[in-house]
Amino acid sequence: MFHFSSLGAPAHGQARMTDSETRSLAERLHGLPVLFATALLLPAMAALPAGEPLSLARHLPLQALFETISSVAAFLVFVVGWMSYQRRAPIAVLLIAATFLGVALFGLGFLLSDQHTTEPEALFGASTAPLFWMAARLLAVLGVALAVLIPWKDRPTSPQTRSLLLSSLLGLVAGTFAVILFGREDLLSGLQSVVGVAAFQDGIHYFAVAIYLLSAGVLQFHRRSIPNIDTRSLSVAIAFIVLASISFTLQATTNDTFNLLGQVYKLFAYYYLFRAVVISGIEEPYRELASARARLRATLEALPDIIFELDRRGIIHQMHSRYPHLIAQPEDVRGRCLLDFLPESVQREYHKLLDDIDRNGRSGAYQYKLEADGETRDYEATGNLLRDPETPETRYIVIVQDITQRKRLDHELRIAAAAFESQESICITDEAHRTLRVNSAFTRITGFAEHEMIGGDPAMLLPEDDRAGFRQRMDERMEDRSRWRGEIRLRRKSGEVHSQLLLVTAVRGEQGRVRNFIYDYIDISALKKAETRIQQLALYDSLTGLGNRRLMEVRLARSIEQGHQSGHYGSLLLINLIQFKKVNDAMGFSAGDQLLIQVAQELRGIAGQDGNAFRQGADEFALIVETAAGDARSAASLVQATADRVFAALNRAFSISGEEYYNRCRIGATVFDGPSVDGAEVLGQAAIALHQVKADPDRIFSFFDPEMQQVVAQEQTLESELRRAIAEEQFLLHYQPKVNRDREIVGLEALIRWQHPTRGLLSPGDFVPAAERTGLITPIEKWTLEQAIAQLARWRDHDAQRNWSISVNVASSQFYRDEFEIHLDSLLDHYGVDARQLILEFTESTLLHDVHAARDRILRLAKRGVRFSIDDFGTGYSSLAYLGRLPVHELKIDRSFVKDLDREPYNAAIVRMVIEMANILGMQVVAEGVETEAQYRFLTQQGCELLQGYLFGHPVPVEEINDPADDQESVP
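Given the structure is predicted, the values throughout are model-derived calculations rather than measurements.

Draft legend 1. Seen up close, the overall build of the protein. When its secondary structure is counted, the protein shows 33 helices and 28 strands. In the protein, which comprises 972 residues, the share counted as buried stands at 45%. Pairs at least 24 apart in sequence give 63% of the contacts found in the protein among residues at least 6 apart. For the protein, the accessible area works out to roughly 50,200 Å², and carbon and sulfur atoms hold 54% of it.

Draft legend 2. Local environment of the pattern of salt bridges. What the rule picks out here adds up to 33 salt bridges. Taken together, the shared-partner salt bridges in this structure form one network comprising E375, R377, D402 and R408.

Draft legend 3. Representation of the confidence of the model for the protein in the model. Mean pLDDT over the protein works out to 80, with 84% of the residues at or above the 70 mark. Of the regions scoring below 50 in pLDDT, residues 1-26 engages in 35 contacts with residues more than four places distant in sequence or in other chains. Contacts of residues 968-972 to residues separated by more than four positions or lying in other chains number 20 contacts, the stretch itself having pLDDT below 50.

Draft legend 4. Broad picture of the packing of aromatic side chains. Taken as a whole and judged by the stated rule, the model has 23 aromatic pairs. Centre to centre, the rings of F240 and Y265 are 6.3 Å apart; their planes meet at 40 degrees, and the pair counts as tilted. Remark: Y265 occurs in helix α10 (residues 257-302) and F240 occurs in helix α9 (residues 231-250); sequence separation between them is 25 residues. Its relative accessible area of 0% is what places F240 among the buried residues. Relative accessible area serves as the criterion here: at 0%, Y265 is assigned to the buried category. Judged by centre distance (5.3 Å) and plane angle (85 degrees), the ring pair of F815 and Y816 falls under edge-to-face. Between the NZ or CZ atom of R652 and the centre of the ring of F654, over which it lies, the distance is 3.9 Å.

Draft legend 5. Spotlight on the packing of helix α27 (residues 818-831) against helix α29 (residues 851-864). Packing of α27 against α29 brings their axes to within 12 Å, and their N-to-C directions diverge by 5 degrees. Viewed along their axes, α27 and α29 adopt a mutual orientation that is roughly parallel. Together, D818, F820, E821, L824, D825, L828 and D829 of α27 and R857, R860, L861 and R864 of α29 make up the contact between the two elements. Taken together, the residues of the contact of α27 with α29 sort by class into four nonpolar, no polar and seven charged.

Draft legend 6. Representation of the pairing of strand β15 (residues 659-662) within the structure. As paired strands, strand β14 (residues 653-656) and β15 are joined by four bridges and run antiparallel to one another. Along β15, the bridge assignment pairs F654 with Y661. Counting the residues in the hairpin turn of β14 and β15 gives two residues, including S657, whose phi is positive at 55 degrees.

Draft legend 7. Just the sheet that holds strand β6 (residues 425-430), in detail. Sheet architecture is open: five strands sit in the order β7-β6-β10-β9-β8, paired in antiparallel fashion. Since the sheet does not close on itself, it has two edges, and those belong to β7 (435-438) and β8 (483-491), each with one partner. Strand-to-strand twist in this sheet, taken as the mean axis angle between neighbours without regard to direction, amounts to 25 degrees. Note that β6 and β7 share three bridges and pair antiparallel. Counterpart to C427 in the pairing with β7 is V438.

Draft legend 8. Main features of the pairing of strand β13 (residues 620-626). With six of seven residues buried, β13 lies mostly within the body of the structure. Bridge count between strand β11 (residues 569-577) and β13: seven bridges; the pairing is antiparallel. Along β13, the bridge assignment pairs L574 with A622. Where strand β12 (residues 613-615) meets β13, three bridges bridge the pair, whose relative direction is antiparallel. Residue pairing for β13: A613 is matched across the bridge by L623.

Draft legend 9. Focus on helix α7 (residues 159-194). If you check α7, its first and last C-alpha atoms are just 43 Å apart, much less than what 36 residues at 1.5 Å a residue would give, namely 52 Å. The axis of α7 is deflected most strongly, by about 90 degrees, at G183. Within the sequence span of α7, burial applies to R162, L165, L169, V173, F177, I180, L181, G183, R184, L188 and L191.

Draft legend 10. Local environment of the sheet that holds strand β16 (residues 665-673). Taken in spatial order, the five strands of this open sheet run β12-β13-β11-β16-β17, and their pairing is mixed. Every interior strand has two partners, whereas the edge strands, β12 and β17 (701-703), have only one. Between one strand and the next, the sheet's axes are offset by a mean angle of 20 degrees, whatever the strand orientation. Along the sheet, helix α20 (residues 589-607) contacts β11, β12 and β13; its crossing angle with β13, the most-contacted strand, is approximately 5 degrees.

Draft legend 11. Just the nonpolar core, in detail. Counting residues in each nonpolar core, the largest one holds 78 residues, and the members touching the most others are L722, F731, L785, F815, L824, L840 and L939. Take this core: its biggest share by element is eight residues, from helix α25 (residues 777-794). Residues within four places of L785 in sequence aside, it is in contact with V808, F820, H823, L824, L827, L838 and L840. Counting 66 residues, the second largest nonpolar core, distinct from the first, contains I96, A98, L234 and A269.

Draft legend 12. Representation of the environment of L188 in the model. Examined against the element boundaries, L188 turns out to sit in helix α7. Each residue touching L188, except ones within four places of it in the same chain, is listed here: S127, L131 and V197.

Draft legend 13. A look at the packing of helix α5 (residues 91-112) against α7. Where α5 contacts α7, the axes come no closer than 10 Å and their chain directions differ by 25 degrees. Overall, the two elements α5 and α7 adopt an arrangement that is roughly parallel. Between α5 and α7 lies a crossing of right-handed hand. In this structure, α5 uses I91, L94, L95, A98, L101, G102, L105, F106 and G109 to contact α7, whose residues at the interface are T161, R162, L165, L166, L169, L170, V173, T176 and F177. In terms of residue class, the contact of α5 with α7 is made up of 13 nonpolar, four polar and one charged.

Draft legend 14. Highlighting unusual backbone geometry. Phi at H433 is positive, roughly 65 degrees, even though this residue is not glycine. Within the fold, H433 resides in the loop between β6 and β7. A residue is classified by how much of its surface remains accessible, and H433, at 9% relative accessible area, is buried.

Draft legend 15. Main features of the side chain of N439. Tracing the chain through its elements places N439 in the loop between β7 and α14 (440-446). Of the residues examined, N439 reaches a relative accessible area of 1% and is grouped as buried. Of the polar contacts made by the side chain of N439, one reaches the backbone nitrogen of I426; its length is 3.1 Å.

Draft legend 16. Just the side chain of T429, in detail. Relative to the helices and strands, T429 is located in strand β6. What T429 contacts, discounting residues up to four positions off in sequence, is R434, T435, L436, P458, R515, N516, F517 and Y519.

Draft legend 17. A look at the environment of L76. Mapped onto the fold, L76 is located in helix α4 (residues 56-83). For the pair L76 and A97, spaced 21 residues apart in sequence, the C-alpha separation works out to 8.8 Å.

Draft legend 18. Spatial organisation of α27. Taken together, the buried positions of α27 are F820, E821, H823, L824, L827 and L828. One side of α27 carries all its buried residues, which in axial view fall inside an arc of 165 degrees. Relative to its buried face, α27 has exposed residues pointing more than 90 degrees away, namely D818, I822, D829 and H830. Each element contacted by the buried residues of α27 is listed here: α25, α26 (812-815), β22 (838-843) and α29. Backbone geometry just downstream of α27 places G832 in the positive-phi region, at approximately 65 degrees.

Draft legend 19. Fine view of the environment of E375. Mapping E375 onto the fold places it in strand β4 (residues 375-386). On the accessibility criterion, E375 (32% relative accessible area) is partly exposed. When near neighbours in sequence (up to four residues on either side) are disregarded, E375 contacts L370 and R408. Within the local environment of E375, its side chain forms a polar contact with the side chain of R377, the two groups lying 2.6 Å apart.

How each quantity is defined
- Residues numbered from 1 in each chain as written.
- Predicted model: local features only at pLDDT ≥ 70, side-chain atom pairs only at ≥ 80, totals over all residues.
- Heavy atoms only, no water.
- Helix = DSSP H or I, 4+ residues; strand = E, 2+ residues; numbered from the N terminus.
- Buried < 20%, exposed > 50% of the residue type's maximum accessible area, 1.4 Å probe, protein only.
- Contact = heavy atoms within 4.5 Å.
- Areas by Shrake-Rupley, 256 points an atom, 1.4 Å probe, with all protein chains shown as cover.
- Salt bridge = Lys/Arg side-chain N within 4 Å of Asp/Glu carboxyl O.
- pLDDT = per-residue confidence, 0-100.
- Phe/Tyr/Trp six-rings, centres within 6.5 Å; stacked < 30°, edge-to-face > 60°.
- Lys NZ or Arg CZ within 6 Å of the ring centre and 35° of its normal.
- Axes fitted to C-alpha atoms, helices over the stretch in contact; angles between N-to-C directions.
- Parallel < 35°, antiparallel > 145°, perpendicular 65-115°, else oblique.
- Nonpolar A, V, L, I, M, F, W, Y, C, P; charged D, E, K, R; others polar.
- Pairing = 2+ DSSP bridges.
- Expected span 1.5 Å × (residues − 1).
- Bend = angle between axes of the 7 residues up to and from the residue.
- Core = buried A, V, L, I, M, F, W, Y, C linked by side-chain atoms within 4.5 Å.
- Left-handed = near helix turned anticlockwise from the far one by under 90°.
- Polar contact = N/O pair within 3.5 Å; in protein donor to acceptor, adjacent residues only side chain to side chain.
- Arc of directions from axis to C-beta.

Pasting the structure below:
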């Protein structure tokens, strides 16, 4: 059984290398010193005078001892060679082993031969000894020669071959024994008659020497190796056999010193022959086993895996791990069940794994998760069946591998693969920019297949004019950094050239050398088109194709700079289409668009190739005229000439939707020189000039007037002060009483005032027009409406005032805003005021702005209880048609009709008509501007029920209001 713990630890590198070198040197020199030393004995003895040989009485026992030792050695060679290779059994080893079995048997026959007897009838007599000796020598030389000279294959021998070899050898030995024992007389006489027995023995020696020398030469010079035989020891053994054979040929008698020396050489030969077999058969397997154990131990120590030897119950018999802290030390877990260390879900996986091994002899991979070192890690277990004949029960080898990093890498590789096959074109090259791989997006976008790009430089995709500069720019950048980014033109296979954003990234190796380049192409053709489109939308008017205000400002700044450099004057003309709104209202927006397009075409023709014609707004255009004049007067003359061309082109009839429309325009212009102005100032001057034209109906052209600029500056200052007034709530409300025929207050009109920090109290006429022009009227009227409703809420606790109403003026710009109705509802709900006490006043022009929308909004608010009053009635375009359909509660006669009642019969007639009409429509009439008793009497006599004017009270703060019917009652 294999034990992980029994493997020897690997030796340290340097010590192990020294031991190996020492052992290798010893193996190369093994036997040579002994061989050389003993070989010198042979010439030494030949040079000495021959001495007296030993007596047979002393020689025979000594020879028997030597022969016994040789036979035993030969038999050991057989036993070791035959038994050590039962499983591997190479033919050369078996041949030598079988040969020396025969040699041992012949040696036994030699020992049994009684060399003292003279009886011819003895089975083993003196005559059989030389025959057994010669048979042993012949068999030995033939066996060694066959093993050495024939190139046997290194493969195991079958049992049948082993049996055949052994039976053949034993048959040969038995036959030889039979011939020697029973036919020796004939054999000896035959040998004697041919060459003589002694000469035949010498011939055998010479033959053996020749064969052995040939075998030694093959071993040494041809580097022939016999499978599983130590050829060095075999070579030394052959050398000693050669020395022994030479010694035997030199002997004069069987008992002289050369015979004894030959016996000694033969003993050395059998010793080294034994080593040749033993080292390979016994020592070498142990060495190989030790080496295999060391290699296996080193391999196991290098493996990060955990290896278990388990039985079917999961009992751990052996364990190996580089990280025993993950479970326990091997000695602590032997004999314990592995499943005890695992959660139930993992136990089920191990049962499946063991079942898989039982069915197939090995298992697939089973993956699971475990908590280890404070984190969840992934593991994979595989197993094999352990086939060990020494172990009766079934055992399993289970290998557990931590695959957490592998899974992470797999996940990253999948991400990288997905990224590589993204919508972006990717090309990977080597360090010389030779293409290695491209993705499918690259093929789709460029049209080049992968095999067409492999080995080529991606720069081939650039137009020829771009290649040299591209490579130079990129290489310069790559010297300092590992990334280059820029826009390129990419030529597709079809020849089309498209804009691409290219990102080239260098991939460096361990020593910082570039190994690869990654080319990442991003198609920005659509982006370029979008940029062009965005620029078109940002700088050009979508309807007319002329430059817009933004482009005009850019061109104006450039014109000013050019004038500064050249010393020439320039000019700006702002062109306004008169009554363009009427075209939209009367003929529709489509007709208005047609007129604008035709006007733009005319102006484009006047501007010429410079393209300095622009559309400023809905009905406003601009021209920048770059003159060559060096003084303002000459420049003004050129501008006047340009204006005349514009009037000639635009003040004419245009065909719109099949109808003729006569268009008229007006122009405001300014002249500028470079050093003294900037673009905003020039544009402001032209706008002021156009404003001057609009203010005078008789004018259609005007140059910039500095006095008008002062007015505009004042308006800008007023706007800034209004914004601050809104933020700081500098406004306040004054109230003017509205009385009945008995002069009793029934309501008040809320009138806003501005408590200016420096100019004092300002009336609405001083700031409301500016507020309407700038859009600031909305927050002002919101504040007014909330203050009036809050005042109604405060009057709920006062008996005299709880039934009073408050009228609030509403501008057209606020009334039609969607949030006006929502804001009003929220104020009424918040303060809990009866909506019937709130009266909203607006002029006839507000109603005429959008009659249908006004009616819908008035009806919704009237359902809530809000009442409505038409202010300044009679001064606008009154229409009985809409007046009868609207739920209006009051008509306020304008003060201009009340003022001259006693002197202007026309005014008196109008007042009578209004009062009579209101009575018919069920409306109340409020007369404004009542200042005299005569006016009061006339109005009351005509049936006017409500009156308002200085006769009853001036607009004052709420706390200063007194009831004209009772001046002593103060209003809180």
